[in-house]
Amino acid sequence: MTSTTRRLLEHLGTRPTGSRSTGGTGGTGGTGRGWRLARRASVVVLSCSAAAAAVVAAGGVRRDVGPVRARLSLALSARGGTRVALPPAGSLRMDTHAGPFALRVGVEEVDLPAARGLLTDAAERGRLAGEVEGDVRAALRALVLRSALVALGAGALTCAAVFRDARAVGGGSAAVLAALAVGGAVTAGTARPQALARPTGTGPLARVPDLVGAVREARAGLDTYGERLVQLTSNATGLWARLRTLTEPAGEGATRLLWVSDVHNNAAVRPLVRSLVEQFDVRAVLDTGDSTDLGTDVENGLLAPLADLPVPYVWVRGNHDSAATQAYLASLPGVTVLDDGAITEVAGLRVAGTGDPRFTPVKRVGAAPERAARELARAGELLARAVRESPEPVDVALVHEPAMARPLHGLVPLVLDGHVHERRHRTVHGTLELTQGSSGGAGLRALDGGEPLPLQLSVLHFDPATRRLVAVDDVTVEGLGSERVTVERRAAPSYAQQDAQEGTQADAQRGAGPG
C-alpha cells in the first residue's frame, strides 16, 4: 500500500475536526456532506474489492463428481461462462451464462475403476449419470454458499480494519450482499444450459471437432477402401504364390495360421483377413490384442464379423481392450479367448495365452514404469507356470506386450506378441519371439496427423508332424489408402541365424572398446 493511499484511508477512517454532520453556515456543511459521500463510496469499493479477491483466493470447493475429483471456483469475468480444465489435454469453454461471475472447474484426480465402468458397462453408465447430476448440484450449492460467506467475511473484516466503525462494517456487508444478489440475478437470467453440449476446446482438445469430421469421412469410405484393399492384396499374394512355391515351398501339407495384432478399430482389415484365410487355406487366426482403442460397447460391435469367419479365432486381451471387450468376444461363436494361462488346441497345435494385466486406454501421466514392469512380468510368469504344468507340450504362446514374454523364453518354441506397432524378432534360450506390427495401421488414430502406419499381417507355416514353425509370410500394405502391397517369405531358422550373427557382432564391438 502506498503512503498516499494509507493517508487517504486514515483520513477517511476519522471524522475531520471542525466539521458538523449537518449543514451550517459557510462551507462547513458542504465539507461534511462531501466527506460522508467519499467515506460511503470508499466503504463500497473496499468491501467489494476485498470480497472479490477473497472469493478468487479462498472461495473454491473440492468435490467428487462421479469418478472425478474436481475443484470449483468463481472468478470475475465480463463474459461469464464455464471453463473446464483437463490437463494435459487442454480445456473446454462453454457460454453457459453472462458475467459478472465465471465458473472455473479443474479436474484434479480420476477414479480409474469408476471411469472404467463408464467405458464398459451400460448399466453403470446409467447409474452414474444420475449420481453425477446430483453431485454437480451439490457441488454448485456448496460453491455458492462458501463464496458468499467468504465474500461477506472479507468485506466486513476489511471495513472493520480500515474504518473501525460498526456502521462502516454494516454498510460494507450490505454492499457485498447487493453485489452478490445482482450477480446471481444476471447469472440466472442469462443461463444457457444448452451451451453444455457445444463446448469450445483449447490446446489438443481444440482439434477434436476436426478429428470427428475426419473420422466420419473415413468411416464413410472404409467399405470402399476395404474392397480395394482386398483386391490389391489378392492380386499380390496370388502372384507371389505362383512364383515362390517354385523356389521356396513351405510344404504342401503345412498347417497355416494367420496372425494379426493391434487392429485398433480398423474395420477395413476384416475383409482382408477373410481374403487371406481363403487364399492361404488358413486353418485358424491368432490375435495378440488391442482390437479396440477404449474398449467401449460401440467399439465391441465392430468385432461382430469375427463370428462369420470360417475358421477358429484365438484372441488375447491387449491394454486397450476392456473386460467388456473380452466378455463380448468370448460370447461370439468360433472365438476362443485365452486368459490366465489358458491352453487350447487349434489346427493340431497347442496354444497358450494370457491377457494384458493392465487396462490403459489413455496414457496415464506419471505412471510408475517399475510398477508396470512388475505387473507385466507377473502375468508372463503366470502363463509360464501354466506351460510348465501342462501335461502336453505347448507349441505357441500368445501375449500382448513383449515384456510379458520374458518368463516364457526356454519353455516354448514360439512366442507371439504385439503392442509396439513394429515388427521385431529375437531368439532367447531356443525360443523365437516374434513381435507383430499394427494390422490396422494403428487404426483411425492415423488420421490425426503424420504418416499412417503400414497394415501388417503374417501367415505362419507349421510342420504338422513336429508342430514347429517352418516359415513366415509377412503381408504388408503400405499405409492407409496406399496401393502398394508386399508379401515376403522367410524361413524360420533364418531368425535364429540373424540373431546369433548380430549377437556375435555386438560382442565383437564391445570387445574392441576401451577396457
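None of these values were measured; they are calculated from a predicted model.

Chemist: An account of the overall build of the protein is requested, with residue identities and associated values reported.
Modeler: For the protein, the helix and strand inventory stands at 11 helices and 19 strands. Counting every position in the protein, which comprises 515 residues, the buried fraction comes to 43%. For the protein, contacts bridging at least 24 residues in sequence account for 63% of all contacts bridging at least 6. Total accessible area computed for the protein in this model is approximately 25700 Å², and 57% of it derives from carbon and sulfur atoms.

Chemist: Outline the sheet that holds strand S16 (residues 431-435), supporting the account with residue identities and numerical values.
Modeler: Strands belonging to one sheet form pairs held by backbone hydrogen bonds; the direction of such a pair is parallel or antiparallel. A sheet is described by the order of its strands in space; here six strands give the open sequence S11-S12-S13-S14-S16-S15, paired in mixed fashion. Since the sheet does not close on itself, it has two edges, and those belong to strand S11 (342-346) and strand S15 (424-428), each with one partner. Here the strands of the sheet are splayed against their neighbours by 20° on average, with no regard to which way each runs. The sheet contacts of helix H10 (residues 369-389) involve S11, strand S12 (349-353) and strand S13 (396-398), and relative to S12 the element is tilted by about 150°.

Chemist: Before we move on, could you go through unusual backbone geometry and cite the residues and values that matter?
Modeler: Even without a glycine there, the phi angle at Asp 262 is positive, about 55°. Examined against the element boundaries, Asp 262 turns out to sit in the loop between strand S7 (255-260) and helix H7 (269-279). On the basis of relative accessibility, which here comes to 0%, the residue Asp 262 falls in the buried class. Here Ala 347, not a glycine, exhibits a phi torsion of approximately 55°, which is positive. Tracing the backbone shows Ala 347 in the loop between S11 and S12. Among the residues examined, Ala 347 registers a relative accessible area of 18% and is labelled buried.

Chemist: Just give me the short version of the nonpolar core, but keep the residues and values in it.
Modeler: Within the largest apolar cluster, 28 residues are counted, with the highest numbers of intra-cluster contacts made by Leu 258, Val 273, Val 285, Tyr 313, Leu 329 and Leu 457. At the level of elements, S7, H7, strand S9 (313-315), strand S10 (335-337), strand S17 (455-462), strand S18 (469-477) and strand S19 (485-491) are the ones that each hand at least two residues to this core. Residue contacts for Val 273: discarding those within four places in its chain leaves Leu 258, Val 260, Val 285, Leu 309 and Leu 457. Residues Trp 259, Leu 349, Leu 398 and Leu 460 belong to the second largest nonpolar core, which totals 23 residues.

Chemist: Can you lay out H7 for me, pointing to particular residues and giving the numbers?
Modeler: By the burial criterion, the buried members of H7 are Val 269, Arg 270, Leu 272, Val 273, Ser 275, Leu 276 and Val 277. Positive phi appears at Asp 281, one or two residues downstream of H7, with a value of about 55°.

Chemist: Which residues make up the sheet that holds strand S8 (residues 284-287), and what values go with them?
Modeler: Spatially, seven strands are ordered S10-S9-S8-S7-S17-S18-S19 in an open sheet, and the strand pairing comes out mixed. Each edge of the open sheet is held by one strand with a lone partner, namely S10 and S19. With strand direction ignored, the average angle separating the axes of adjacent strands in the sheet is 20°. Pairing analysis gives four bridges linking S7 to S8, with the strands arranged parallel. Bridge assignment links Leu 257 to a residue of S8, and that residue is Ala 284.

Chemist: Please give an account of the pattern of salt bridges that cites residues and values.
Modeler: Across all of its chains, the model carries 12 salt bridges by this definition. Put simply, Glu 278 and Arg 274 hold a salt bridge, and the shortest N to O gap is 4.0 Å. Of this pair, Glu 278 and Arg 274 both sit in helix H7, four residues apart, which is roughly one turn of the helix. Assessed through its relative accessible area of 53%, Glu 278 is described here as exposed. Classification of Arg 274 by relative accessible area gives partly exposed; the value is 30%. A salt bridge links Glu 401 to Arg 358; the shortest N-O distance between them is 3.0 Å. Of this pair, Glu 401 sits in the loop between S13 and strand S14 (414-417) while Arg 358 sits in the loop between S12 and H10, and the two are 43 residues apart along the sequence. Pair check on accessibility: Glu 401 and Arg 358 agree, each one buried.

Chemist: Pulling in residues and values, what's your account of the pairing of S14?
Modeler: Neither face of S14 is left uncovered, since the one carrying Leu 414 and Leu 416 and the one carrying Val 415 and Asp 417 both have all their residues buried. As judged from the four bridges shared by S14 and S16, these two strands associate in the parallel manner. Bridge pairing in S16 links Asp 417 to Thr 435.

Chemist: How would you summarise the confidence of the model for the protein if you had to cite specific residues and measurements?
Modeler: For the protein, mean pLDDT is 78; residues scoring 70 or higher make up 69% of the total. For the stretch residues 11-27, pLDDT sits under 50, and the model shows 26 contacts to residues farther than four places along the chain or on other chains. Of the regions scoring below 50 in pLDDT, residues 242-248 engages in four contacts with residues more than four places distant in sequence or in other chains.

Chemist: If you had to explain the environment of Leu 258 to someone new, which residues and values would you point to?
Modeler: Among the structural elements, Leu 258 can be located in strand S7. Classification of Leu 258 as buried rests on a relative accessible area of 0%. Taking the C-alpha atoms as reference points, Leu 258 and Ala 284, separated by 26 residues in sequence, lie 6.4 Å from one another. The contact partners of Leu 258, leaving out residues within four places of it in the chain, are Val 273, Leu 276, Val 277, Val 282, Ala 284, Val 285, Leu 286, Leu 457, Ser 458 and Val 459.

The rules we used
- Residues numbered from 1 in each chain as written.
- Predicted model: local features only at pLDDT ≥ 70, side-chain atom pairs only at ≥ 80, totals over all residues.
- Heavy atoms only, no water.
- Helix = DSSP H or I, 4+ residues; strand = E, 2+ residues; numbered from the N terminus.
- Buried < 20%, exposed > 50% of the residue type's maximum accessible area, 1.4 Å probe, protein only.
- Contact = heavy atoms within 4.5 Å.
- Areas by Shrake-Rupley, 256 points an atom, 1.4 Å probe, with all protein chains shown as cover.
- Pairing = 2+ DSSP bridges.
- Axes fitted to C-alpha atoms, helices over the stretch in contact; angles between N-to-C directions.
- Core = buried A, V, L, I, M, F, W, Y, C linked by side-chain atoms within 4.5 Å.
- Salt bridge = Lys/Arg side-chain N within 4 Å of Asp/Glu carboxyl O.
- pLDDT = per-residue confidence, 0-100.

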